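Observations on the three-dimensional arrangement
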Amino acid sequence: MLVEILTPAQMAQADQLTIDSGVLGYQLMQSAGQAVANAAVDLLERRTGSGASGMVCILCGPGNNGGDGFVAAQLLEEEGWSVILGCSVGIDDLTGDALLAAEDWGDEIFSLSPRLWQDADLVIDALFGAGLSRPISGELADLIDELNLSGLPVLSVDLPSGVDGTSGLAGGACVKADQTVTFFRKKPAHLLYPGKAFCGDIFCVDIGIEEQVLDDTGHIAVENQPVLWIDSWPEALKPIADIDPLRLADHKFHRGHCLVLCGDATHSGAARLAARSALRAGAGLVTLAPPCDAASLVAAHVTAVMVEPVQDVASLGTVLAKRTYDVLVAGPALGKTQDRRALVYDALERDVALLLDADALSCLVDGIESGEADLSLLRESPAARSERLVLTPHEGEFARLFPDLSHRVREEKRLSKLDCAITAAQRSGAVLVLKGADTVIATPDGRAVVHSDGVPYLATAGSGDVLVGIIAGLMAQGVSALDACCAGVWLHSRAGRSFGPGLIAEDLPELLPSLYMDVAGYLSGGFHASDWTGGDD
Ligand SMILES: NC(=O)C1=CN([C@@H]2O[C@H](COP(=O)(O)OP(=O)(O)OC[C@H]3O[C@@H](n4cnc5c(N)ncnc54)[C@H](OP(=O)(O)O)[C@@H]3O)[C@@H](O)[C@H]2O)[C@@H](O)CC1
Ligand SMILES: Nc1ncnc2c1ncn2[C@@H]1O[C@H](COP(=O)(O)OP(=O)(O)O)[C@@H](O)[C@H]1O
Ligand SMILES: [K+]
């Protein structure tokens with residue numbers, strides 16, 4: 001099933017459409033409060049080991065997030081749990097459904113203070129959710145800092161208070177939750193770091209909002225799951241029983257040919273890793289193209305991968321004219337000298353699927369007098385025009401190409417990584433893979449896929465070279481750029497997680513065959529990420 005991600009604004013629209021269709025806002029709040037109470041009971045029973053004999057402290061804020069807290073308080077007390085509730089404002093300052101919920105609670109409402117949780121087994125954080133409008137400061141910030149130091153389990157309602165739902169940024173004090181219960185669909189902050197790290201386990205529950213509202217609200221992104229790309233999974237990576245009989249006689253040229261540009265003799269490892277990964281990802285042939293004086297050294301280090309020296313633009317032309325190449329990879333330790341830069345610019349004029357990574361991305365900025373990349377060169381390239389241009393920057397490379405969308409600017413201006421990746425994809429005409437613990441894959445037509453899986457083992461030299469190789473290998477077999485990027489990021493992350501500590505980049509390509517058996521376990525019948533028209537339309 002497609003898993004859509006909604007911004008808080010889209011979620012507010014989903015709430016409003018539901019209310020307009022005749023469901024009371026207070027009914028939605030009661031469903032939300034019920035879901036919170038259910039989650040609290042699970043946590044309490046796990047902690048106290050008994051039914052209804054623990055104490056829960058509920059911290060409510062001034063808006064509807066606080067309203068959910070009041071509803072949960074009432075339900076928990078009805079079930080026999082001891083409840084102590086504090087609110088950041090007096091009942092006279094509450095309005096709308098939150099006021100109704102506070103009135104229905106009917107029990108004492110205390111001022112917020114750490115004393116509230118001194119005998120508690122669980123704290124419910126219902127201070128702020130989707131309506132957080134600025135970083136939390138002052139006394140509330142001190143309270144949150146104390147709560148985080150208390151060591152008590154914390155259940156956050158919708159979002160950990162202090163995390164910005166749209167961007168996942170946490171500018172001020174921020175509740176560190178063990179569990180977060182959100183409603184209808186996840187928000188970007190449940191997937192983007194640092195927000196995700198504050199959420200703990202995330203549960204997304206149904207509160208009676210119909211799926212059809214999504215037709216009107218749209219969605220900012222979807223989560224990366226095999227259902228997105230399983231239908232375009234290459235035949236050569238399937239178990240023999242699943243391969244189309246007409247494809248059983250395929251030869252290597254049917255599986256595509258990748259050309260990987262390579263750096264000089266002392267910098268050839270990265271391109272070799274990418275090349276091996278492309279082969280492991282199923283490309284029929286992979287050729288490395290080092291400068292002439294590095295060719296024998298590179299050849300001595302590869303076996304199934306072929307070597308074809310490329311010294312300059314002229315020899316790249318000769319090589320490309322001699323055989324058919326389906327995908328060209330430029331970047332891993334390519335170097336940034338003038339002749340390497342010329343190769344990148346030449347590649348952008350060629351009618352071939354093109355993956356630009358690492359040094360190739362820097363080449364687009366280095367040596368340019370204005371210090372700004374000419375993105376029209378990317379946008380107007382044959383690869384971009386045929387939807388076969390892929391950029392795979394990490395945050396540093398991204399900042400050089402798109403300085404106004406960099407990580408630093410995002411923090412300063414509280415912008416979302418999702419919005420910035422989509423803008424960058426639109427500007428460049430490329431499918432853009434903005435890497436990190438939360439990788440965002442964005443397309444020039446405004447779609448985005450999020451793969452959020454903190455796997456620090458992947459933060460190791462050469463790991464990105466493997467990723468670009470996997471994507472190239474999949475594209476060589478005819479997988480669309482978007483599907484290849486989503487599948488590549490999924491495989492890469494799974495490989496890192498399955499290997500665990502001690503991982504080095506060389507291990508990653510060797511883990512791919514076992515993952516293909518996992519992929520085979522996924523039912524087909526999904527659809528291609530490339531067929532998805534979602535977005536905010
Ligand atoms: N809509 C629905 O039907 C449903 C909604 N549901 C629930 O509602 C939640 C959203 O509710 P919400 O929009 O009322 O926002 P909420 O997060 O409670 O906070 C807003 C208040 O906080 C204040 N404030 C903000 N930042 C602050 C700061 N740093 N420091 C201090 N104050 C600050 C802000 O003040 P202002 O910015 O106006 O000055 C305003 O008073 C959502 O997360 C979900 O839990 C569910 O019940 C399902 C049905
Ligand atoms: N903490 C993390 N959690 C998940 N993935 C990570 C993490 N750190 C790095 N990665 C992934 O590892 C890869 C590193 O790529 P990159 O920075 O280009 O490395 P290199 O240049 O050394 O090859 C990216 O795919 C990135 O998403
Ligand atoms: K909250």
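Residues numbered from 1 in each chain as written. Chains lettered and ligands numbered in written order. Predicted model: local features only at pLDDT ≥ 70, side-chain atom pairs only at ≥ 80, totals over all residues. Heavy atoms only, no water.

1. Comments concerning the coordination of the potassium ion (ligand 3)
The potassium ion (ligand 3) binds to the protein through N65 (OD1), D125 (O), F128 (O), V157 (O), L159 (O) and S161 (OG); the donor distances cover 2.6 to 3.1 Å. Angles of 65 to 168 degrees at the metal separate the 6 donor atoms of the potassium ion (ligand 3), which places the site in the irregular class. Mapped onto the polypeptide sequence, the residues donating to the potassium ion (ligand 3) form the spacing pattern N-x59-D-x2-F-x28-V-x1-L-x1-S. Within this pair, whereas F128 is found in the loop between β5 (122-126) and α5 (138-150), its partner S161 is found in the loop between β6 (154-157) and β7 (179-183), the two being separated by 33 residues in sequence. Here the two residues F128 and S161 agree in accessibility, since each one is buried. (Donors = N, O, S within 2.8 Å, 3.2 Å for Na, K, Ca; no water. Tetrahedral: all angles 85-135°; square planar, octahedral: opposite > 155°, others 65-115°. Helix = DSSP H or I, 4+ residues; strand = E, 2+ residues; numbered from the N terminus. Buried < 20%, exposed > 50% of the residue type's maximum accessible area, 1.4 Å probe, protein only.)

2. Re the site of ligand 1
Taken together, the neighbourhood of ligand 1 is formed by 22 residues, with D68, G129, S133, R134 and D158 sitting nearest. D68 has a polar side-chain atom sitting 2.4 Å from an oxygen atom of ligand 1. The backbone of A130 places a nitrogen or oxygen atom 2.9 Å from an oxygen atom of ligand 1. About the coverage of ligand 1: the protein hides 73% of its 940 Å² of free accessible area. Residue classes in the shell around ligand 1 are distributed as 12 nonpolar, 6 polar and 4 charged. (Near = heavy atom within 4 Å. Polar contact = N/O pair within 3.5 Å; in protein donor to acceptor, adjacent residues only side chain to side chain. Areas by Shrake-Rupley, 256 points an atom, 1.4 Å probe, with all protein chains shown as cover. Nonpolar A, V, L, I, M, F, W, Y, C, P; charged D, E, K, R; others polar.)

3. Description of the side chain of E4
Structurally, the position occupied by E4 is in strand β1 (residues 4-5). A polar atom in the side chain of E4 sits 2.8 Å from the side chain of R185. What E4 contacts, discounting residues up to four positions off in sequence, is R185, K186, L214, H219, A221 and V222. (Contact = heavy atoms within 4.5 Å.)

4. Structural notes on the pairing of strand β3 (residues 82-87)
Within β3, 5 of the 6 residues are buried, which leaves the element mostly enclosed by the surrounding structure. Direction of pairing for strand β2 (residues 55-60) relative to β3: parallel, over a ladder of 6 bridges. Paired with I58 across the two strands is L85, which belongs to β3. In the classification by handedness, the crossover that spans β2, the intervening helix α3 (residues 64-78) and the parallel β3 is right-handed. Pairing of β3 with strand β4 (residues 110-111) involves 2 bridges; the strand directions are parallel. What sits directly across from C87, in β4, is S111. Once you follow β3 into helix α4 (residues 96-105) and on to β4, the crossover reads as right-handed. (Pairing = 2+ DSSP bridges. Right-handed = clockwise from strand over helix to strand, strands pointing away.)

5. Observations concerning the site of ligand 2
Near ligand 2, the surroundings consist of 19 residues, among which K435, V455, G462, S463 and G464 are the closest. G436 is positioned such that a nitrogen or oxygen atom in its backbone is 3.0 Å from an oxygen atom of ligand 2. Contact between ligand 2 and V455: a nitrogen atom at 2.7 Å from a main-chain N or O atom of the residue. Protein chains bury 78% of the 580 Å² of accessible surface belonging to ligand 2 in isolation. Here the shell around ligand 2 takes 4 residues from helix α18 (residues 463-476), the largest share from any one element.

6. Overview of the state of the cysteines
What makes a disulfide is a covalent bond joining the sulfur atoms belonging to two cysteines. Considering all chains together, one arrives at 0 disulfides under this definition. Free of any disulfide, C420 has its nearest neighbouring cysteine sulfur in C485, separated by 19 Å. Taking relative accessible area as the criterion, C420 reaches 3% and is therefore assigned buried. Cysteine C485 shares no disulfide, and the gap to the nearest cysteine sulfur, in C486, comes to 6.9 Å. We classify C485 as buried; its relative accessible area is 0%. (Disulfide = S-S within 2.5 Å.)

7. What about unusual backbone geometry?
For residues that are not glycine, phi is negative in most cases, and the peptide bond is trans in most cases. Following Y193, the chain continues into P194 via a peptide bond in cis, with omega recorded as 5 degrees. Positionally, P194 belongs in the loop between β7 and α6 (195-199). With a phi close to 70 degrees, D158 is a non-glycine residue in the positive phi region. Among the secondary structure elements, D158 is positioned in the loop between β6 and β7. The exposure class assigned to D158 is buried, which follows from its relative accessible area of 10%. Phi angles above zero are rare outside glycine, and A358 is one such case at about 40 degrees. In this fold, A358 is placed in helix α12 (residues 358-363).

8. Section: the domain arrangement of the chain
The domain boundaries assigned to the chain delineate domain 1 (25-219) and domain 2 (248-531). Taken residue by residue, the interface counts 12 residues in domain 1 and 14 residues in domain 2. For the pair domain 1 and domain 2, the summed buried area comes to about 970 Å², and 60% of that belongs to carbon and sulfur atoms. Viewed at the interface, domain 2 and domain 1 are joined by 0 salt bridges. Residue composition of the side of domain 1 that touches domain 2, by class: 7 nonpolar, 3 polar and 2 charged. (Domains from an automatic or database assignment. Buried area = accessible area lost by both parts, 1.4 Å probe. Salt bridge = Lys/Arg side-chain N within 4 Å of Asp/Glu carboxyl O.)

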